[in-house]
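Below, each chain spelled out in residue letters.
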Amino acid sequence: MELFLLSNGKLSNDSQPLGYAHEQIKAMFKARNIDSAVLIPYALVRSDYDERAGELAHALGIKVGSIHHAGDPADAIAQAQCILVSGGNTWMLNQMLHEKGLIVPIQRAVREREIPYIGWSAGCNVATPSIRTTNDMPVRNSVVLPALGLFPVQINPHYIDAHISGHMGETRDERIAEFCAVNPSESVVALREGSLLHISGNDLRYFSAKNEGFKVFRHAHETQEYYDTQALSSLVPFNCL
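Now for a description of the structure that goes with this document. The structure presented is a predicted model; accordingly, all values stated were derived computationally and were not measured.

The next point concerns the environment of Thr134. Looking at the secondary structure, you find Thr134 in the loop between α6 (122-125) and β6 (154-159). Separated by 73 residues in the primary sequence, Thr134 and Phe207 place their C-alpha atoms 21 Å from one another. Those residues within four positions of Thr134 in sequence are excluded, and the remaining contacts are Thr90, Trp91 and Asn125. Reaching out from Thr134, the side chain makes a polar contact with the side chain of Thr90 at a distance of 3.0 Å. Among the polar contacts made by the side chain of Thr134, one reaches the main-chain amide nitrogen of Asp136 at a distance of 3.1 Å.

Here it is in structure tokens:
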């Protein structure tokens, strides 16, 4: 498999989408002779699909077409050289993947044909077993349907452990701890801004543009920060590097 699971699409100082991951992504494109990609933009609620495709094409140096133009979305996935899954609202994205019949076609493309999958924010969330660790509001009357399950552990993107003065609601740590208390057999990987997990073949690597770590939350375990994927070796079937 070839997965890029990014916490977010852009850092504050990035002029282009996915800027902090361009080096790794473009190296993969070159190695695989990829010159086009299909964009799945369904998470976008207040942005234009074609505008996002154009931004990505300019930033990545390849042709990018939005899947909403395809008469047969599943066939578009079957013909794709690469799959890009935009951030936005995770609930909308996951429901649309089911409504458009894309769950199985994407799973087959990534697992059987080794088509690269690049997802950020909501696109990162849906690559896990479920979207239960999203930060987003259920803007539609959605049920918690299974997600793609390409990565076997729940991820919380846009993770932040800052305490905002005057905020009396639960912190992100407390919310994730609640998830683990209700689902004690599951773990959550918390990815800070500017970081990503990269699965290539059977190897799993972690990268942070800001040289920050990620956290792993497990019920009844101390939460710690890590800088390589060895901490995930007991949770995933990949070689953790």
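With that settled, the discussion passes to helix α7 (residues 172-182). Within the span of α7, buried status applies to Ile176, Phe179 and Cys180. Buried residues in α7, looked at end-on, bunch into an arc of 95°, giving them a common side. Where α7 is buried, its residues touch β6, β7 (187-192) and β10 (214-218).

A large share of helix α4 (residues 90-99) lies buried, amounting to 8 of its 10 residues. Among all positions in α4, only Thr90, Trp91, Met92, Leu93, Asn94, Gln95, Met96 and Leu97 are buried. Buried residues along α4 sit in contact with β2 (36-40), β4 (83-85), α5 (103-111) and α6. Regarding α4, its N-cap is Asn89, as a side-chain oxygen of that residue lies 3.0 Å from the backbone nitrogen of Trp91 further along. Taken from the residues just after α4, Gly101 is the one with a positive phi, measuring 65°.

Rules used in this analysis
Residues numbered from 1 in each chain as written. Predicted model: local features only at pLDDT ≥ 70, side-chain atom pairs only at ≥ 80, totals over all residues. Heavy atoms only, no water. Helix = DSSP H or I, 4+ residues; strand = E, 2+ residues; numbered from the N terminus. Contact = heavy atoms within 4.5 Å. Polar contact = N/O pair within 3.5 Å; in protein donor to acceptor, adjacent residues only side chain to side chain. Buried < 20%, exposed > 50% of the residue type's maximum accessible area, 1.4 Å probe, protein only. Arc of directions from axis to C-beta.

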